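Tertiary structure, described
Spelled out, the chains give:
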Amino acid sequence: MADGQMYVFHTRSVEETQALAEKIGRLTEPGDVFTLSGDLGAGKTSFTQGLARGMGVNGVVNSPTFTIIKEYMGRLPLFHMDVYRVEDELEDLGFDEYFYGDGVTVVEWPQMIAEQLPAERCEIVITRGEGDERTLKFTAHGRRYETLCEAIKHDHSGN
Ligand code: ADP
Ligand code: MG
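Anyway, here's the lowdown on the structure attached to this text. (Residues numbered from 1 in each chain as written. Chains lettered and ligands numbered in written order. Predicted model: local features only at pLDDT ≥ 70, side-chain atom pairs only at ≥ 80, totals over all residues. Heavy atoms only, no water.)

Time to look at the site of ligand 1. In the vicinity of ligand 1, 15 residues are found, and the nearest of them are Thr17, Gly41, Lys44, Ser46 and Asp132. Contacts to ligand 1 include Ala42, whose backbone N or O atom sits 3.4 Å from an oxygen atom. Between ligand 1 and Ser46, the relevant distance is 2.7 Å, taken from an oxygen atom to a side-chain nitrogen or oxygen of the residue. Going through the elements one at a time, helix H1 (14-27) and helix H2 (44-54) are the ones with two or more residues in the shell around ligand 1. The element best represented in the shell around ligand 1 is H2, accounting for three residues. (Near = heavy atom within 4 Å. Polar contact = N/O pair within 3.5 Å; in protein donor to acceptor, adjacent residues only side chain to side chain. Helix = DSSP H or I, 4+ residues; strand = E, 2+ residues; numbered from the N terminus.)

Structure follows, in structure tokens:
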């Protein structure tokens, strides 16, 4: 699926980014996949922390860089992947078990495993603006994510 509906959100603080992500976390369903791209410090991990909170995960969510995949338990399982260190983009670490399982998967640095990503997914790109400003661009690959983004769009008024 090459194209998808796009949704753009602006935030002015880490709290705002996390509040947006928290709303999404509350609406997650089994099998949801979110990819997060953006430079170091863009807010990928901060976003994941908000999403986790919305899913009812208790405890600290931090960057899984050295473990590739971290699992948290909330209302649903949350799999947080940072595939930055995957050397061969075709190296199969059993990602499908996560993508097509009963949990929610967040992938930081998805371009490292581009060929292995599911066609249906919500692609999120975070870019920095002035100071604490961030732009979060969502591309909904699949109807499921259009529905999700529409719900957030209507909820996230003021943007
Ligand atoms: P990444 O995982 O993309 O490397 P992090 O989430 O670890 O990024 O770090 C983002 C940093 O930017 C944090 O220190 C956070 O407090 C700060 N920050 C400032 N403004 C924002 C914002 N609007 N959204 C997200 N993070 C922000
Ligand atoms: Mg990170």
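From this point, the discussion proceeds with the structure in view.
Quick look at the coordination of the magnesium ion (ligand 2) now. In this structure, Thr45 (OG1) and Glu108 (OE) serve as the protein donors to the magnesium ion (ligand 2), at separations of 2.2 to 2.8 Å. Linking Thr45 in helix H2 with Glu108 in strand S5 (residues 104-108), this pair joins segments that are 63 residues apart in sequence. Glu108 carries the same exposure label as Thr45, and that label is buried. (Donors = N, O, S within 2.8 Å, 3.2 Å for Na, K, Ca; no water. Buried < 20%, exposed > 50% of the residue type's maximum accessible area, 1.4 Å probe, protein only.)

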